Amino acid sequence: STDKGVLHVFSGQGQELGVLAEPVTPLAVRADAETLGTWLAGKAALGQRPGYAMVLGLEDGHLLAALAKASNLTVYGVDPDPAKVARLRQALGRAGLYGDRVCLNVADLADTRFPNYFADLVTSETALAKGLAGISLDEAWRVARPHGGMLLLGSPDAGRAAGVEDAARDPRATVLRENGLWLAATRGALEGAGDWTHQYADPGNTACGYDQRVKTPLRLLWYGEPGPLGMISRHQRAPAPLAAQGVLFVQCENWVEAYDAYNGVRLWRRPFANVVRRTVSHD
């Protein structure tokens with residue numbers, strides 16, 4: 001097997017069997033779901049950059065597929081009903097979406113066990129038809145990304161958006177009367193979070209980021225890029241990564257790149273030949 005998803009089979013018989021492609025049965029997504037997926041992706045204001053969506057509560061899977069189609073989001077869905085999750089996994093698998101663009105888990109909607117701060121967009125299929133009963137605003141807020149993560153829980157049919165007005169009493173959220181009725185919230189900076197904007201923290205070289213949140217025990221928040229590729233050995237004293245307003249900036253040998261500091265999504269990369277500085281501590 002390969003990291004491209006291709007399996008190579010060697011029969012020993014000397015004949016070429018060619019490529020066997022797994023058949024794909026497209027999911028016939030309802031037109032209203034496609035329209036809603038486009039609207040939700042637009043409200044999240046991510047453009048075509050990668051990111052993550054969390055769908056709390058599942059029904060027919062049409063919104064999952066619509067979000068995957070309308071954006072470059074990887075869509076995670078959770079529901080407490082194992083039979084429903086199994087059925088949707090099969091349908092999305094046949095459509096060629098499951099495991100690549102959409103992943104589903106069986107979980108309590110008030111305790112999904114997903115990591116903190118990862119979701120660029122939090123929404124719900126269940127809320128579209130049944131209102132917000134059973135949807136935990138605390139859990140939705142916990143998984144939403146600081147510095148712009150958005151919650152949109154409601155329905156284009158205002159008559160089905162039960163519980164939105166009551167939930168909006170929470171100071172973190174407001175009522176959005178656009179395209180129906182929605183409980184809306186955009187997460188800002190974490191209170192007490194610090195920045196590290198220069199090699200030694202700030203223009204005064206204090207070597208203090210003034211962060212009041214990071215405490216032991218420490219746990220892994222995300223993994224993946226940037227990794228060692230392109231980065232400089234620490235023994236050569238290259239510039240340290242910098243962090244400001246939820247973005248991690250990394251200077252490599254021949255490019256500069258930026259990552260979301262909370263979920264690890266690469267926001268951009270700019271080629272810049274020989275940009276690296278070595279022995280910066282001595283300079």
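Cut-off values and rules
- Residues numbered from 1 in each chain as written.
- Predicted model: local features only at pLDDT ≥ 70, side-chain atom pairs only at ≥ 80, totals over all residues.
- Heavy atoms only, no water.
- Pairing = 2+ DSSP bridges.
- Helix = DSSP H or I, 4+ residues; strand = E, 2+ residues; numbered from the N terminus.
- Axes fitted to C-alpha atoms, helices over the stretch in contact; angles between N-to-C directions.
- Buried < 20%, exposed > 50% of the residue type's maximum accessible area, 1.4 Å probe, protein only.
- Expected span 1.5 Å × (residues − 1).
- Contact = heavy atoms within 4.5 Å.
- Phe/Tyr/Trp six-rings, centres within 6.5 Å; stacked < 30°, edge-to-face > 60°.
- Core = buried A, V, L, I, M, F, W, Y, C linked by side-chain atoms within 4.5 Å.

*Asks:* Which parts of the structure should I look at to understand the sheet that holds strand 10 (residues 255–260)?
*Replies:* Strand pairing in a sheet relies on backbone hydrogen bonds. The paired strands run either parallel or antiparallel. With antiparallel pairing, four strands are arranged side by side in an open sheet as 8-9-10-11. Where the open sheet ends on each side, the last strands, each with one partner, are strand 8 (242–244) and strand 11 (266–271). Each strand axis lies, on average, 15 degrees off the axis of its neighbour in the sheet, ignoring direction. Of the pairings in the sheet, the one linking strand 9 (residues 247–251) to strand 10 comprises five bridges and is antiparallel in character. Each residue of the ladder has a partner; that of Val 247, found in strand 10, is Asp 260.

*Asks:* What is the right way to read helix 2 (residues 62–70) from this model?
*Replies:* Two residues of an α-helix separated by three or four positions point the same way, owing to the 3.6 residues in each turn. In terms of burial, helix 2 is a largely internal element, seven of the nine residues being buried. Taken together, the buried positions of helix 2 are His 62, Leu 63, Leu 64, Ala 65, Ala 66, Leu 67 and Ala 68.

*Asks:* Is there a simple way to think about helix 1 (residues 31–44) in this case?
*Replies:* Under the 1.5 Å per step criterion, the end-to-end length of helix 1 is 20 Å for 14 residues, consistent within 8% with the ideal 20 Å. Those residues of helix 1 that fall on the buried side of the exposure criterion are Ala 33, Leu 36, Gly 37, Trp 39, Leu 40, Ala 41 and Ala 44. At its buried positions, helix 1 is contacted by helix 2, strand 4 (121–123), helix 4 (126–130), strand 5 (150–155), strand 6 (174–176) and strand 7 (181–186). Looking one or two residues past helix 1, Ala 45 carries a phi angle of roughly 55 degrees, positive in sign.

*Asks:* I tried to follow the sheet that holds strand 6 on my own but got confused; where do I start?
*Replies:* Across the sheet, which stays open at both edges, the seven strands sit in the order 3-2-1-4-5-7-6 with mixed pairing between neighbours. Every interior strand has two partners, whereas the edge strands, strand 3 (102–106) and strand 6, have only one. The mean angle between the axes of side-by-side strands here comes to 25 degrees, regardless of whether they run parallel or antiparallel. Note that strand 4 and strand 5 share two bridges and pair parallel. Its bridge partner lying in strand 5, Val 122 is registered against Leu 151. Helix 1 contacts strand 4, strand 5, strand 6 and strand 7 of the sheet and is inclined by roughly 150 degrees relative to strand 5. The sheet strands contacting helix 3 (residues 82–94) are strand 2 (73–79) and strand 3, and the helix crosses strand 3 at an angle near 165 degrees.

*Asks:* Looking at this structure, how should I read the side chain of Arg 145?
*Replies:* Along the polypeptide, Arg 145 turns up in the loop between helix 5 (137–143) and strand 5. If sequence neighbours within four positions are ignored, Arg 145 has contacts with Leu 46, Arg 49, Tyr 117, Ala 119, Asp 120, Arg 187, Asp 260, Tyr 262 and Asn 263.

*Asks:* When you look at unusual backbone geometry in this model, what are you seeing that I'm missing?
*Replies:* The general pattern is negative phi for most residues beyond glycine and trans for most peptide bonds. The omega torsion across Thr 216 and Pro 217 is 0 degrees, close enough to zero to call that bond cis. Relative to the helices and strands, Pro 217 is located in the loop between strand 7 and strand 8. Despite not being glycine, Tyr 210 shows a phi value in the positive range, around 60 degrees. Although it is not a glycine, Arg 237 sits at a positive phi angle of roughly 55 degrees.

*Asks:* Would you mind showing me how to read the environment of Gly 134 here?
*Replies:* Looking at where Gly 134 falls in the secondary structure, it is placed in the loop between helix 4 and helix 5. Overall, Gly 134 belongs to the exposed group, its relative accessible area being 59%.

*Asks:* How do you make sense of the packing of aromatic side chains when you look at a structure like this?
*Replies:* Both the distance between ring centres and the angle between the ring planes are used here to describe each pair of aromatic rings. Per the stated rule, a full pass over the model turns up eight aromatic pairs. Seen in terms of ring centroids, Trp 39 and Trp 182 are 5.1 Å apart; in terms of plane orientation they differ by 35 degrees. Their pairing is tilted. Taken together, the positions of Trp 39 in helix 1 and Trp 182 in strand 7 put the pair 143 residues apart, joining distant regions of the chain. Summarising the burial analysis for this pair, Trp 39 and Trp 182 share the class buried. Centroid distance Tyr 52 to Tyr 76: 6.2 Å. Interplanar angle 40 degrees. Geometry classified as tilted. Of the two residues, Tyr 52 sits in strand 1 (residues 51–56) while Tyr 76 sits in strand 2, which places them 24 residues apart along the sequence. A connected cluster of aromatic rings, assembled from ring pairs, spans Tyr 52, Tyr 76, Phe 114 and Phe 118.

*Asks:* Would you explain the nonpolar core in this entry?
*Replies:* Core analysis: the biggest nonpolar cluster contains 32 residues, and Leu 40 and Leu 152 have the highest contact counts within it. The element that contributes the greatest number of residues to this core is helix 2, accounting for six residues. With near-sequence residues (within four places) excluded, Leu 40 lies in contact with Leu 63, Leu 67, Leu 121, Thr 123, Leu 152 and Trp 182. Counting residues in each nonpolar core, the second largest holds 26 residues, with Leu 109, Ile 135, Leu 183 and Ala 185 among its members.

*Asks:* I tried to follow the environment of Ala 173 on my own but got confused; where do I start?
*Replies:* Along the chain, Ala 173 falls in the loop between helix 6 (164–167) and strand 6. Counting along the chain gives 14 residues from Ala 173 to Arg 187, while the straight-line C-alpha distance between them is 9.4 Å. Each residue touching Ala 173, except ones within four places of it in the same chain, is listed here: Ala 168, Leu 183, Ala 184 and Ala 185.

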